[in-house]
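Secondary and tertiary structure notes
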Amino acid sequence: MNLFNKILVANRAEIAVRIIKSAKKLGIKTVAIYSAIDSESMHIELADEAYCIGKQELSETYLNIDKIIEIARSTACDAIHPGYGFLAENPLFVEACDKNGIVFIGPDARAISLMGNKIEARSFVEKLNVPMTEGITGNKEYLLKNASSMSFPILVKAAAGGGGKGMRIVNDIADLEDILESTSREAKNYFGDTTIYIEKYIEQPRHIEFQVLGDNFGNIVQLFERECTIQRRYQKIIEESPSPTLNPEIRQKMGESALRIAREINYNSAGTIEFLVDSNLDYYFLEMNTRIQVEHPVTEMVTGVDLVEEQILVAAGNKLRLKQSELKQKGHAIECRIYAEDPANNFMPSPGTMSLYVPPEGNNIRIDSSIDSASTILSFFDPMISKMIVWEESRELAIEACVSALQDYVVQGIRSNIEYLIGVLQHKAFQGNDLSTKFCD
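Here we summarise the structure given alongside this text. Because the structure is a prediction, the values reported are computed rather than measured. The residue numbers shown here count from 1 along each chain, following its written sequence. Only residues with pLDDT of at least 70 are given local features in this predicted model, and only at 80 or more are side-chain atom pairs given and counted; all residues enter the totals for whole chains, interfaces and linings. Note: side-chain values were computed over all heavy atoms of the structure, leaving out hydrogens and water.

1. Describing the packing of aromatic side chains
Any Phe, Tyr or Trp ring, taking Trp's six-membered ring, that has another such ring centre within 6.5 Å forms a pair; planes under 30 degrees apart are called stacked, those over 60 apart edge-to-face, and the others tilted. One pass over the structure, following the stated rule, counts eight aromatic pairs. Taken together, a centroid distance of 6.0 Å and an interplanar angle of 70° make the contact between Tyr62 and Phe381 edge-to-face. Of this pair, Tyr62 sits in the loop between strand E3 (49-54) and helix H3 (65-74) while Phe381 sits in the loop between strand E21 (376-377) and strand E22 (384-392), and the two are 319 residues apart along the sequence. Grouping residues by exposure puts Tyr62 and Phe381 together as buried. An aromatic cluster is defined as three or more aromatic residues linked by ring pairs; in this entry it consists of Tyr62, Phe86, Phe380 and Phe381. Whether a charge lies above a ring is judged from NZ of Lys or CZ of Arg, which has to be within 6 Å of the ring centre and within 35 degrees of the ring normal. Across the ring face of Tyr339, the terminal group of Arg232 is positioned such that the distance to the ring centre comes to 4.5 Å. Each helix is a run of DSSP H or I of at least 4 residues and each strand a run of E of at least 2, with the numbering of both proceeding from the N terminus. Relative accessibility thresholds used throughout: buried, under 20% of the residue-type maximum; exposed, over 50%; partly exposed, between the two (1.4 Å probe, protein chains only).

Given below as structure tokens:
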């Protein structure tokens, strides 16, 4: 088996901790980077080496390609794991790694570039006979001229968008021109690219994604689906697997579609193919995320596969150890994202210093976090405190266990979404799976 000697983890907080744990399990040394305001983070203590990369600004720290490469070279790292966010889907970072003889633990730059642009991704997938929503691409004048051929409502989306940013719903063609302009401005601010397009808006959709994993020898598997329908501001807060929505026939078809896309781009790492599913169980390609996902533990809990470990091994040049015929879903897992935020105030972030922090413990409860005691949640970063994942034999038991664990989760001194999550899980619509991505609204 090929193994790296040392990996630099180009990220922070819980995902950095997660990666370091899998690396340690394989006997691989790790190097952490951190900004000065992150100096008490758990990932620094867990890594074999740690280096401060700057004070605070992301451009100086976690987005600074030159500094990260310099530290990786000076510490003799064989590879860099980007985690998710930051530089995880930046093809320039992959190219910098390649140029310096460092393995990027993720897909190649071509896959990232292709799937990172929503227009190019749609064009690519359309040729594979994978279902897709009706859409129109072009400049502002072309979109205005041709939008009337589509039935409303429609979505205006940034080509380089992600995370719910650069996306607006249009219910009336009279509002389209103003929304095209505002979305284009937002796209430039967030992504440095003003390109936008429009597509049919699916009413009352569900969001279901399939996990894929490939190697450098053409082997690719899918590790089934996660339902991510419970979202606030287009960002997921509860994920579960298996999806309570899919029947075996649709699950198989969607899995085959995910594999078709991954095979066609020779995908060689962990990634997800995301779909929208309507009330008739018709599904439509949404996008591909070319990275490990925040919610990957849900898949790990029902398949028994350490996705980060497999990701590291295939990047080191090993053949994929997984066979599609051997992969099964067992039981039911639910992930809740614990945030320092105020659900009663439009989920506004509520950073600050905790006076008490006690996460729940018990069989089949997993907490992914970078804190284990009362800490300060910094306003400069995403306000996620942890991810709590619970596994049980059935969905009903998993919901019950999840509510019980959340009731034992103590966060004092700052606002959190714990009570809100309990309310969702106990809601008859959630328990009866009568849901859409608009549920939180």
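Don't stop here, the text continues.
2. A few points about the pairing of strand E15 (residues 332-339)
The element E15 is largely enclosed, with a buried count of eight among its eight residues. Side chains His332, Ile334, Cys336 and Ile338 of E15 all project onto a buried face; the interleaved residues Ala333, Glu335, Arg337 and Tyr339 project onto the opposite face, where all are buried too. Sheet topology places E15 next to E22; eight bridges connect them, and they run antiparallel. Of the residues in E22, the one forming a bridge with Cys336 is Met388. Paired strands are those between which DSSP finds at least two bridges.

3. Let's talk about the sheet that holds strand E4 (residues 79-81)
Strand order across the open sheet formed by five strands is E3-E2-E1-E4-E5, with parallel pairing between neighbours. Strands at the two margins of the open sheet, each flanked by one partner only, are E3 and strand E5 (103-104). Pairing of strand E2 (residues 29-35) with E3, which is carried by five bridges, proceeds in the parallel orientation. Paired with Ser35 across the two strands is Gly54, which belongs to E3. The sheet strands contacting helix H1 (residues 13-25) are strand E1 (6-9), E2 and E4, and the helix crosses E1 at an angle near 170°. By definition, residues are in contact when any of their heavy atoms lie within 4.5 Å. Each axis is a line fitted through C-alpha atoms, taken for helices only over the stretch in contact, and angles between the N-to-C directions span 0 to 180 degrees.

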